[in-house]
Amino acid sequence: VNTRQHPLGIPPPSENDWPKDEENFFLLDPDRERDALPQPFRMINKLVMQVFETAMEIIERREMLQEAQKRKVQPKKCFPTAEFQVTERANCLAVSGKYVFVGLSEGLAAFNTCDFKDVCAWDAAKAEICAIHALDLGNECHVLLAVDEMGLVWLFCFHKESFLLVKILNEVEDISQRSTCVEEVLSRGGDYAGILLQGNTKAWLEIYQLPKDSWLTEMGKNAGSAEGSACSERRSSCSSKVGTFLLQELPVPAIQADVELDLPVLLLTVRPPKPITGMSFKGPLDALKEVDDDSMLGLGYNHLIKDSQWELQEAIFCSTYREYLEAKGVTKEEIPRHATFHFLLPSRILMGPEMEVQPDIPVGIGVHWDGNHNFCLYLLNHSLEGKADSDLMPDVVWPCAAPIACSAVSSCSRYLALAGEDATITIWDKHLGYPMSVTAILEERFIRSIHFL
C-alpha cells in the first residue's frame, strides 16, 4: 500500500554536500576548476607545502638567533706577542714592574717584558717552586716570596737582573720541628710580609718587617760593580749560543757573593684562640697567687669555673638534647688550622692619639680563623721581647653573630667586608668603626669568597 501523500522532490542543498578535501573551494577561480589536481596529487601537494613552511620557520628562527648573537659584545681574541721556552716545568708566575718571575720544577727564572729576553735564573738549591709573590720596591729592586714543595719560604731580593737569597723564613735545624707554609702575603709597598705556618698539631701566623730602605741603600752602593760583572757574563753567555732561549743558558747572578742584606725582623706571632676549658688551679688561692697587679678583691670562690662545673654542664646538655646528639653525633671543638689575614692602613680604630704613622704604610693586621666569630686587629708596633711563649692578645676585636667564612678589604683600606657562614655580608667602615650595611643572601648558600670591585 502506498501511503505517500506528497510527490517526490529534490532536497535542498546543505553543508554536508560540500567537498571535504577543499575547504576554500569558493575562493578558487571558476575558470581554473578544470586545472585542479586530482587525488592523490592534492594530498602530496599539501605535504610538500607543509615541509616548505616548516623549513621557512626554522630558517627565520635561525636568522633571529644570528642577529641576536651579532648584537652581543664579541670577546676579543688575544694572541701571544712573545714566547719564552724553558726546559723545566713552569708551576707559577708573578709580575712585578717590567719583569715576569716564573717558578720552575728546579728554581726560579726571570724574564724582561720590554725586550722579551731572558734575564737570569736561580737553581742553587734545586728546589721546586710552587708559589710566588713579587713586589716592586723601586730603583729596579724587587722583593720575592717563594714557597717550595716542602713548604719552605724563600725570601729573595732581585736587583739589576740578579737574584739574591736573603733568608729562608721557616728553616729550622730539627727536621721534626719543621713547619710548612700555607699562605704568604706581601703588604703594599713591601714594608711587611706575613706567612701562615702549619705544624703537626698547630698553626700560627708570623709577621715580618722587611728592611727595604737598607736594601735599597746597599743595592745602590754595589750597583756599579754588579752591573759590570753581570754584563761581562751575559756577553759571554750570549756569544756562546744565539737563537732559542733555554733555561740552562741563563747567566748566574753576579751580586750574590758581594752584597749582604739585613735580615727581616719578626714582629708578631699570632696563634689561634684556644677552646674554652676549665681552670688548672686547685683552688681560688692558687689563682690569686698568679695575679700580682692588686686588681682583685675577695677570695674569688664565686668567680672561678672549675673542671667539674664544665663536666656537669656538658652532662646536663647531653641529657637534654640526647636525641639530637645521637642523630648527628657529637663534634668536639678543635683548634683552627687556617686563617685569613689582611694588612691594614692607618685608621681611627688602629691609631692612638700619640702615634706617628704614614698614610701609605700598614699599621696593623686583621685576622680571622676558620670557624671563629671574631675578627681580630693587631697593631704592628708590638715587641716580642719576653713574649715568645705567651699568646698575643688582639688590640681590637669585632664580634660577629656567625662564624666568619671569608673577608675582603677595599683598595683604599677603609672598608672591610665580612661574610658569615649564615650567608650574611657586613660592610664595616674601618675608619669610624661601625657597620655600613648588612645584606642577607638566600638560605642554604655558603659564601666562599668575596671581593671589592
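Residues numbered from 1 in each chain as written. Predicted model: local features only at pLDDT ≥ 70, side-chain atom pairs only at ≥ 80, totals over all residues. Heavy atoms only, no water.

## Details of the overall build of the protein chain
Moving on, step 1. Helix and strand content of the protein chain: six helices and 20 strands.
Moving on, step 2. In the protein chain, which comprises 453 residues, the share counted as buried stands at 34%.
Moving on, step 3. A total accessible area of about 30600 Å² is found for the protein chain, and carbon and sulfur atoms account for 54% of it. (Helix = DSSP H or I, 4+ residues; strand = E, 2+ residues; numbered from the N terminus. Buried < 20%, exposed > 50% of the residue type's maximum accessible area, 1.4 Å probe, protein only. Areas by Shrake-Rupley, 256 points an atom, 1.4 Å probe, with all protein chains shown as cover.)

## Observations concerning the packing of aromatic side chains
Moving on, step 1. A complete count under the given rule lists 13 aromatic pairs for this structure.
Moving on, step 2. With 5.0 Å between their ring centres and 80° between their planes, Phe 101 and Phe 158 make a pair best called edge-to-face. Here Phe 101, found in strand 2 (residues 99–104), pairs with Phe 158, found in strand 7 (residues 153–159); they are 57 residues apart in sequence, far enough to count as distant. Each member of the pair, Phe 101 as well as Phe 158, carries the same accessibility label: buried.
Moving on, step 3. An aromatic cluster of at least three residues, connected via ring pairs, comprises Tyr 99, Phe 101, Trp 122, Trp 154, Phe 156, Phe 158 and Phe 163.
Moving on, step 4. The ring of Trp 204 is capped by Lys 202, whose NZ or CZ atom sits 5.8 Å from the centre of that ring. (Phe/Tyr/Trp six-rings, centres within 6.5 Å; stacked < 30°, edge-to-face > 60°. Lys NZ or Arg CZ within 6 Å of the ring centre and 35° of its normal.)

## Looking at the nonpolar core
Generally speaking, soluble globular proteins have nonpolar side chains that are buried together.
Moving on, step 1. Counting residues in hydrophobic clusters, the biggest one holds 22 residues, and the most contacted among them are Leu 155 and Trp 215.
Moving on, step 2. Secondary-structure elements contributing two or more residues to this core are strand 6 (141–148), strand 7, strand 8 (163–168), strand 9 (180–186), strand 10 (192–198), strand 11 (203–209) and helix 2 (212–221).
Moving on, step 3. No other element matches the four residues that strand 6 contributes to this core.
Moving on, step 4. Ignoring any residue separated from it by four or fewer positions in sequence, one finds Leu 155 in contact with Val 143, Leu 144, Leu 145, Leu 164, Leu 165, Val 166, Lys 167, Leu 169, Leu 210, Trp 215 and Pro 264.
Moving on, step 5. Counting residues in hydrophobic clusters, the runner-up holds 21 residues, among them Ala 94, Leu 108, Ile 129 and Phe 163. (Core = buried A, V, L, I, M, F, W, Y, C linked by side-chain atoms within 4.5 Å. Contact = heavy atoms within 4.5 Å.)

## A look at the pairing of strand 13 (residues 339–344)
Moving on, step 1. With six of six residues buried, strand 13 is to be regarded as a mostly interior element.
Moving on, step 2. Burial of the side chains of strand 13 extends over both faces: Ala 339, Phe 341 and Phe 343 are buried on one face and Thr 340, His 342 and Leu 344 on the other.
Moving on, step 3. As paired strands, strand 13 and strand 14 (residues 364–369) are joined by six bridges and run antiparallel to one another. Considered in strand 14, the bridge of Ala 339 is made with Trp 369. (Pairing = 2+ DSSP bridges.)

## Focus on the sheet that holds strand 7
Moving on, step 1. Ordered in space as 5-6-7-8, the four strands form an open sheet in which the pairing is antiparallel. Edge positions in the sheet fall to strand 5 (129–138) and strand 8, since each of these pairs with one other strand and no more. For this sheet, the mean inter-axis angle between neighbouring strands, taken without regard to orientation, is 25°. (Axes fitted to C-alpha atoms, helices over the stretch in contact; angles between N-to-C directions.)

## What to know about the sheet that holds strand 13
Strands in a sheet are paired, the pairing made by backbone hydrogen bonds, and the direction either parallel or antiparallel.
Moving on, step 1. Pairing within the open sheet is antiparallel, and its four strands lie in the order 13-14-15-16. Across the chains shown, the open sheet's two edge strands, defined by having one partner strand only, are strand 13 and strand 16 (396–399). When strand polarity is set aside, the average angle formed by the axes of neighbouring strands in this sheet is 20°.

## Considering helix 2
Moving on, step 1. Turning to helix 2, its buried residues are Lys 212, Trp 215 and Met 219. Along the axis of helix 2, the buried residues cluster in a sector spanning 55°; they form a single face. Opposite its buried face, helix 2 presents the exposed residues Asp 213 and Lys 221, each directed more than 90 degrees away. (Arc of directions from axis to C-beta.)

## Section: unusual backbone geometry
Moving on, step 1. Positive phi outside glycine occurs at Asn 139, with the angle close to 55°.
Moving on, step 2. Take Asn 139: it is sitting in the loop between strand 5 and strand 6.
Moving on, step 3. By relative accessible area, which is 60% here, Asn 139 ends up exposed.

## Some details on the state of the cysteines
Moving on, step 1. Overall, the coordinates contain zero disulfides when judged by the stated rule.
Moving on, step 2. The closest cysteine sulfur to the non-disulfide-bonded Cys 141 is located on Cys 157, 3.3 Å from its own sulfur. (Disulfide = S-S within 2.5 Å.)

## Remarks on the pattern of salt bridges
Moving on, step 1. Applying the stated criterion across every chain yields a total of five salt bridges.
Moving on, step 2. Note that Lys 126 and Asp 123 form a salt bridge whose closest N and O atoms lie 3.9 Å from each other.
Moving on, step 3. Taking the relative accessible area as the measure of exposure, Asp 123 reaches 40% and is therefore partly exposed.
Moving on, step 4. The closest approach of N and O atoms between Lys 212 and Asp 191, which form a salt bridge, is 3.8 Å. In this pair, Lys 212 is assigned in helix 2 and Asp 191 in the loop between strand 9 and strand 10, connecting sequence segments 21 residues apart. The two residues Lys 212 and Asp 191 agree in class, both being buried. (Salt bridge = Lys/Arg side-chain N within 4 Å of Asp/Glu carboxyl O.)

## Things to note about a nonpolar patch on the surface
Moving on, step 1. A contiguous nonpolar patch, built from Phe 41, Ile 44, Val 48 and Phe 52 and spanning about 390 Å² of accessible area, is present on the exposed surface.
Moving on, step 2. Examined against the element boundaries, Phe 41 turns out to sit in helix 1 (residues 41–71).
Moving on, step 3. The exposure class assigned to Phe 41 is partly exposed, which follows from its relative accessible area of 49%. (Patch = residues over 30% accessible without salt bridge, like charges linked within 9 Å, V, L, I, M, F, W, Y side chains within 5 Å.)

## Considerations on a negative patch on the surface
Moving on, step 1. On the surface, Glu 53, Glu 57, Glu 60, Glu 63 and Glu 67 cluster together into a negatively charged patch.
Moving on, step 2. Within the element layout of this structure, Glu 63 appears in helix 1. (Lys, Arg positive; Asp, Glu negative; His and termini not counted. Charge placed at Lys NZ, Arg CZ, Asp CG, Glu CD.)

## Description of the confidence of the model for the protein chain
Moving on, step 1. For the protein chain, the mean per-residue pLDDT works out to 78, and 72% of the residues sit at or above 70.
Moving on, step 2. Every residue in residues 230–257 is under pLDDT 50, and counting partners more than four places away or in other chains gives 46 contacts. (pLDDT = per-residue confidence, 0-100.)

## Quick notes on the pairing of strand 16
Moving on, step 1. Of the two faces of strand 16, only the one carrying Val 396 and Trp 398 is buried; Val 397 and Pro 399 on the other face are not.
Moving on, step 2. Relative to strand 16, strand 15 (residues 374–379) is paired through four bridges, and the arrangement is antiparallel. If you follow Cys 376 over to strand 16, its bridge partner there is Val 397.

## Overview of the side chain of Ser 96
Moving on, step 1. Residue placement: Ser 96 occurs in strand 1 (residues 90–96).
Moving on, step 2. If sequence neighbours within four positions are ignored, Ser 96 has contacts with Phe 101, Ala 134, Leu 135, Asp 136 and His 142.

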